[in-house]
Amino acid sequence: MGSTPEGRQTGARDRDSEGRARNARPRDGLGRPLPYDAQGVARQPEGLVRTPGETVDEAQALLDAGKPFHAHEVFEDAWKSGPDEERALWRGLAQLAVGLTHAARGNTTGGARLLRRGAGAIEEWAARTGRKRPYDLDLPGLAQWARALAGDVERGTVVEAAARAPGLRGA
């Protein structure tokens, strides 16, 4: 078996320091893989346990910077490490971020579908728990934003991620 110019074995899977399969290719701001020798944006560290407030702050900063894929990873950490009763909330927020990612990549169908799925998930969670503003998140406003953006995407609007980023805590 040969090796690549980067020293990886041809055909071998990239692995992280614990030996888990993990693509080591750099990524752009929308999470798209770049060639191994390209300069990408810094990736979010995985598995960080943040407070809910830290999660919202970090995700908002990434959304504002036009990096919704990376914001999705922050929400994913919260859904995996948080209390069971909040998993659906954080998963729904992650779906909103991935929906914005796909919309900004030009994936009309996937973007609209994930935006609507995320909106439904956070509305369902709010209705079930009676919490409309957990951690000062504006869940009704986020659901409205997601559905409006989904409609725009389906009408052919070109989406620039930073310009269409939601305000997680409201306008």
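So, here's what we can say about the structure. As the structure is a computational prediction, the values presented were derived from the model and not from experiment.

1. Here we look at unusual backbone geometry
Although it is not a glycine, Tyr135 sits at a positive phi angle of roughly 55 degrees. As for its placement among the helices and strands, Tyr135 is situated in the loop between helix H4 (108-129) and helix H5 (139-154). Tyr135 gets classed as partly exposed once you look at its relative accessible area, which sits at 29%. Look at Asp136: it is not a glycine, yet its phi comes out positive at around 65 degrees. Here Asp136 is to be found in the loop between H4 and H5. Relative accessible area serves as the criterion here: at 41%, Asp136 is assigned to the partly exposed category.

2. Remarks on the side chain of Thr55
Looking at where Thr55 falls in the secondary structure, it is placed in helix H1 (residues 52-64). For Thr55, a relative accessible area of 2% corresponds to the buried category. Discounting residues that sit within four places of it in the chain, Thr55 has contacts with Arg50, Val74, Phe75, Ala78 and Trp90.

3. Digging into helix H2 (residues 68-81)
Along an α-helix, residues three or four apart share an orientation, since each turn contains 3.6 residues. Helix length check: H2 (14 residues) gives 20 Å between terminal C-alpha atoms against 20 Å at 1.5 Å per residue, within 8%. Of all the 14 residues making up H2, eleven are buried; the element is thus mostly covered by neighbouring parts of the structure. The complete set of buried residues in H2 reads Pro68, Phe69, His70, Ala71, His72, Glu73, Val74, Phe75, Asp77, Ala78 and Trp79. Next to the buried residues of H2 lie H1 and helix H3 (87-105).

4. Remarks on the nonpolar core
Phe75, Trp90, Leu93, Ile122, Leu139 and Leu168 are the most contacted members of the largest nonpolar core, which has 39 residues in total. For this core, the secondary-structure elements that each account for two or more residues are H1, H2, H3, H4 and H5. Counting residues per element, this core draws most heavily on H3, which supplies ten residues.

5. Some words on the pattern of salt bridges
Under the defined criterion, the tally for this structure stands at eleven salt bridges. Between Arg133 and Asp138 there is a salt bridge; the shortest N-O distance is 3.6 Å. A relative accessible area of 40% means that Arg133 is categorised as partly exposed. Linking Asp152 and Arg164 is a salt bridge whose minimum nitrogen-to-oxygen distance equals 2.8 Å. Residue Asp152 is located in helix H5, and its partner Arg164 is located in the segment after H5; the two are separated by twelve residues in the primary sequence. Judged by relative accessible area, Arg164 falls into the partly exposed class, the value being 23%. Through salt bridges with shared partners, one network takes in Arg133, Asp136 and Asp138.

Cut-off values and rules
Residues numbered from 1 in each chain as written. Predicted model: local features only at pLDDT ≥ 70, side-chain atom pairs only at ≥ 80, totals over all residues. Heavy atoms only, no water. Helix = DSSP H or I, 4+ residues; strand = E, 2+ residues; numbered from the N terminus. Buried < 20%, exposed > 50% of the residue type's maximum accessible area, 1.4 Å probe, protein only. Contact = heavy atoms within 4.5 Å. Expected span 1.5 Å × (residues − 1). Core = buried A, V, L, I, M, F, W, Y, C linked by side-chain atoms within 4.5 Å. Salt bridge = Lys/Arg side-chain N within 4 Å of Asp/Glu carboxyl O.

Taken by themselves, the reported measurements are silent on function.
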